[in-house]
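# Coordinate analysis (summary)
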Amino acid sequence: MAEKNIENVNRDKEEDIDLDDDIDGNSKSTVVTRTSSPQDEPADFDTAITSSGFGRFNLILLIIAIPATCANMFESTTMSYILPIAECHLHLTLTDKGILNACAYAGMIVSAIPWGYLADTKGRRIVLVYGYLLTSICVFGSALSQNFVMLVTFKFFGGLIVNGPSAVLYSYLSEMHGPKYRSQVLLIVGMIVSAAILFLPMLAWATFSQPWDFVLFGSLNIHSWQIFLLICGLPSLISGLIMCLMPESPRYLMGQGRNTEALLVLQKIYAINTGQPKENYPVKALVLEVPNRAAHKGEAIYTVEEKPEAPKTKSSRSLLESLRSGMQQIKPMFHKPLLSLSLRCYTMQFCMFLGMNTIRLWLPQLFSSMADYQEEHADDQASATMCTILDYSVNRTAETLTNYQSACAETPNISIDMYLNNIIVAACGFGGYFFAAAIIRLAGAKRMLTYGLFISGILGIGLYWSVNSVMTIALSSAYVTVGGIAVSSLLGAVVSLFPTQLRSLVVAIAMMCGRLGALSGNLLFPILIQIGCIPPFVMVAFVMLFAAVLSIFIPNPTKAVFA
C-alpha cells in the first residue's frame, strides 16, 4: 500500500510538470506545492497503530498476557481452593474463610487510585514491571505463612500490589492494537482468564494429592497447600521479568507529548510485525496532541489549560506542582458527561463483582461439602439440595472447631469430585467465550452486557431451588460463564468510552468498586448462610439484576461521541 501511494504521488507530479506551462507559465510553482506526500502528514494514533500492522508483535503480546492474566486471577482465587484442606492447619471458622477470600480485595481497594494515577503519569510499563515483581514476593511470603494472621497479611499486601498491573494490563493491551482488533483482544484476555480458572483446580488436584508435609529450616511447617501457593507465584515473577523487555505504550507517549519516542516504538512494532526495516514505516509524523518537548525520563506532561505555559527551566517539579497538575488532569471526571457515565459504570462493577466473585470463590467450599455429604450418605441416597449442603457445611465447620483433636487427627482427604466439579464449571466458562465472540458480532457488546446480566440474575436465584448435585453444577456453570462474559464486556466499554488521559484512572476506580463488591459479598456470604438458605442467593440475584437495569443506560461504545 505504501509503494502504491508513492507511485501515485510521483505520477501526479509528472502530470503537473507536463501541464504547468499551459496553466500559469511557471514550471516550478506546481511542483513545489506537491512535494509533500500524504505519508508526511501527521497521523493520529489509530492511523499510526493500524499502519504498524498486526503480526508477530501482537502475538508476543498475547503470549505475555497469559502469565500476567494468570497472576491477576491467582492472587484473588487461590484462597478458595486451600480453605477445605487448610481448615485444620489454620483453625478456620466460616468467618475466617470469608476473610481469607476477601482480604486480597481489601488491599486492591486501598491501592486503586494511587495505581491509576501512577499509570497515567509515570507510564504503563513501569507499573507492569514493578507491580508483578512485588506481587511475586508477597505470594512467596504467603506460601511460607504459619498461621491465619500471617497469611491474611501477605494476601492483603499481595492484593494491594497486584491491583496496579491487573488494571493497567487491559489499557496496555488495548493501546497496542488498532480499533479493528481491540474488542477481539479483550475477548481473548477474557478467554485467558477462563483458562486460568480452569487450570487452577487442575493444579490443586495435582498438588493437594501429594503427601507433602515437612519442616523447612527447623521452624517452617510446609504442607501441600503451601506448595500450591508457591507455584501460583511463578506467573507474577515471569510477567515482571518479561515486561522489562517490552516498550512503553505509544498511546501513552503521545498523550504526554513525547511523539518522538512514540514514533520509535511504532517503528519497532512495524519492523517486528512485517520483518521490514523501520525506515519503511509509512507514518513519518504523529499528530501533536499536546505541546511536544524532550521530556525527562519518568516525567509526566500535563496540558489541561488551553494555552499551557512554556516549561520551566528547572529539571523537575515540586511535589505540590505535581499534585496540582494531577488534580487538573482528573477534573473532567467531575463534570458532564463523564461524571454520570462513570458513576453508572462504578455501580455496575460493584454489583457484578459482588454477584460473580461471591459464588465463584465459595464454589470450591460448597463442592467439597457436597462431596463429603454424598460420601457420608452414600447408603441412604439422601438428596443433596443446595440448602442441605449449606447446613452441612455450617455444622461441619463448627464441629471442627469444637472437636479439633478428633476432627483433625488425620490429614483431610479431599474428594476427587470437588476438583472435577470445579473443572466442569471452569471448562464451561472457557467454552462460553467462543460462543460469546459470535454473539457479540451479531447482537453487539451492549446487548450482550444487558442480556448477560439479566440471565445471570435469574440463574443466581435459581441456585436456591437446586435439588441435586447435577443441577447445582449446571446452574453454577451457566452463572459463572454468563457473568464472566458480562464483566469483560463492561471493561471493554470502559476502555472505549473514556479519554486516554483518564482511561487507566477510570479502569482503576471501576476495579476498586468491583473489589469492594467482592469484598462485601465474601464477608456477607458466611453470615447470610448462617441466617438461612435463601438470603445469600437473594443478595446475588438482586445485584446482578440491578446491574442489568443500569446497563440499559450505558452508551453504545461504537457510537459514543467521546469513544
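Residues numbered from 1 in each chain as written. Predicted model: local features only at pLDDT ≥ 70, side-chain atom pairs only at ≥ 80, totals over all residues. Heavy atoms only, no water.

By the naming in an unreviewed UniProt entry, the chain is Major facilitator superfamily (MFS) profile domain-containing protein, taken from Drosophila navojoa. Per its UniProt entry, the chain bears the Subcellular location (unreviewed entry) comment "Membrane". (UniProt positions renumbered as here; feature names shortened; annotations may be inferred.)

## With respect to the confidence of the model for the chain
Residues with a pLDDT of 70 or more make up 77% of the chain, whose mean pLDDT is 78. When the elements of the chain are averaged for pLDDT, helix H2 (residues 29–33) gives the smallest value, 38, and helix H10 (residues 234–243) the largest, 94. pLDDT under 50 marks residues 295–316. Its contacts with residues more than four places away, or in other chains, come to 30 contacts. (pLDDT = per-residue confidence, 0-100. Helix = DSSP H or I, 4+ residues; strand = E, 2+ residues; numbered from the N terminus. Contact = heavy atoms within 4.5 Å.)

## Digging into the packing of helix H8 (residues 179–208) against helix H9 (residues 224–232)
Running from amino to carboxyl end, H8 crosses H9 at an angle of 140°, the nearest separation of the two axes being 9 Å. Between H8 and H9, the interaxial angle falls into the category oblique. Helix-helix and strand crossings are classified by hand; for H8 and H9 the assignment is right-handed. Of the residues in H9, those touching H8 at Leu200, Leu203, Ala204, Thr207 and Phe208 are Ser224, Trp225, Ile227, Phe228, Ile231 and Cys232. (Axes fitted to C-alpha atoms, helices over the stretch in contact; angles between N-to-C directions. Parallel < 35°, antiparallel > 145°, perpendicular 65-115°, else oblique. Left-handed = near helix turned anticlockwise from the far one by under 90°.)

## What about the pairing of strand S2 (residues 220–223)?
As judged from the four bridges shared by strand S1 (residues 213–216) and S2, these two strands associate in the antiparallel manner. The residue of S2 that forms the bridge with aspartate 213 is histidine 223. (Pairing = 2+ DSSP bridges.)

## Observations concerning a negative patch on the surface
A cluster of acidic side chains, namely Glu375, Glu376, Glu399 and Asp417, defines a negative patch on the protein surface. One can find glutamate 399 in helix H15 (residues 386–402). (Patch = residues over 30% accessible without salt bridge, like charges linked within 9 Å, V, L, I, M, F, W, Y side chains within 5 Å. Areas by Shrake-Rupley, 256 points an atom, 1.4 Å probe, with all protein chains shown as cover. Salt bridge = Lys/Arg side-chain N within 4 Å of Asp/Glu carboxyl O. Lys, Arg positive; Asp, Glu negative; His and termini not counted. Charge placed at Lys NZ, Arg CZ, Asp CG, Glu CD.)

## Quick look at the pattern of salt bridges
Throughout the structure, instances matching the rule amount to five salt bridges. Between lysine 97 and glutamate 87 there is a salt bridge, with its nearest N and O atoms 3.4 Å apart. Of this pair, lysine 97 sits in helix H5 (residues 94–121) while glutamate 87 sits in helix H4 (residues 56–90), placing them 10 residues apart in sequence. The pair lysine 97 / glutamate 87 is uniform in exposure class, with both members buried. (Buried < 20%, exposed > 50% of the residue type's maximum accessible area, 1.4 Å probe, protein only.)

## Some thoughts on the nonpolar core
One finds Phe208, Trp225, Phe228, Met352 and Leu453 to be the most contacted residues of the largest nonpolar core, which totals 147 residues. Looking at this core, the element that brings in the most residues is helix H14 (residues 338–376), giving 18 residues. Of the domains in this structure, domain 1 (38–290) and domain 2 (331–562) are the two that each give at least three residues to this core. Not counting residues within four places of it along the chain, the set of residues in contact with leucine 453 comprises Met348, Met352, Ala486, Met544, Ala547, Ala548 and Ser551. Grouped together as the second largest cluster of nonpolar side chains are six residues, Leu187, Met191, Tyr433 and Met448 included. (Core = buried A, V, L, I, M, F, W, Y, C linked by side-chain atoms within 4.5 Å. Domains from an automatic or database assignment.)

## Points about the packing of aromatic side chains
Given two aromatic rings, their pairing is described by the distance between the two centres and the angle made by the two planes. One pass over the structure, following the stated rule, counts 11 aromatic pairs. Note on phenylalanine 54 and tyrosine 181: the rings are 4.1 Å apart at their centroids and 20° apart in plane angle, and the pair reads as stacked. Taken as a pair, phenylalanine 54 in the loop between helix H3 (45–51) and H4 and tyrosine 181 in helix H8 lie far apart in primary sequence, 127 residues in all. Residue class for tyrosine 181 comes out partly exposed when judged on its relative accessible area of 29%. Between tyrosine 270 and tyrosine 281, the aromatic rings sit 5.5 Å apart at their centres with planes inclined by 55°, giving tilted as the arrangement. Of this pair, tyrosine 270 sits in helix H12 (residues 259–274) while tyrosine 281 sits in the loop between H12 and helix H13 (319–330), and the two are 11 residues apart along the sequence. Per residue, the accessibility class of tyrosine 270 equals that of tyrosine 281, and both read buried. These aromatic residues form a ring-pair network of at least three members: Trp205, Phe208, Phe228 and Tyr419. (Phe/Tyr/Trp six-rings, centres within 6.5 Å; stacked < 30°, edge-to-face > 60°.)

## A word on the environment of leucine 237
Structurally, leucine 237 can be placed in helix H10. Sequence separation between leucine 237 and valine 129 is 108 residues; the distance between their C-alpha atoms is 9.5 Å. Once residues lying within four places of it in the same chain are set aside, the contact partners of leucine 237 are Tyr132, Leu133, Ser136 and Phe140.

## Brief notes about H10
Considered for burial, the residues of H10 that qualify are Pro235, Ser236, Ser239, Gly240 and Met243. Take H10 and look down its axis: the buried residues cluster within an arc of 130°, on one side only. Turning to H10, the residues buried within the fold contact H4, helix H6 (124–143), helix H7 (148–175) and H9. (Arc of directions from axis to C-beta.)

## Description of unusual backbone geometry
What you tend to see is this: most non-glycine residues have negative phi, and most peptide bonds are trans. Phi is positive for histidine 91, which is not a glycine, with a value near 55°. Along the polypeptide, histidine 91 turns up in the loop between H4 and H5.

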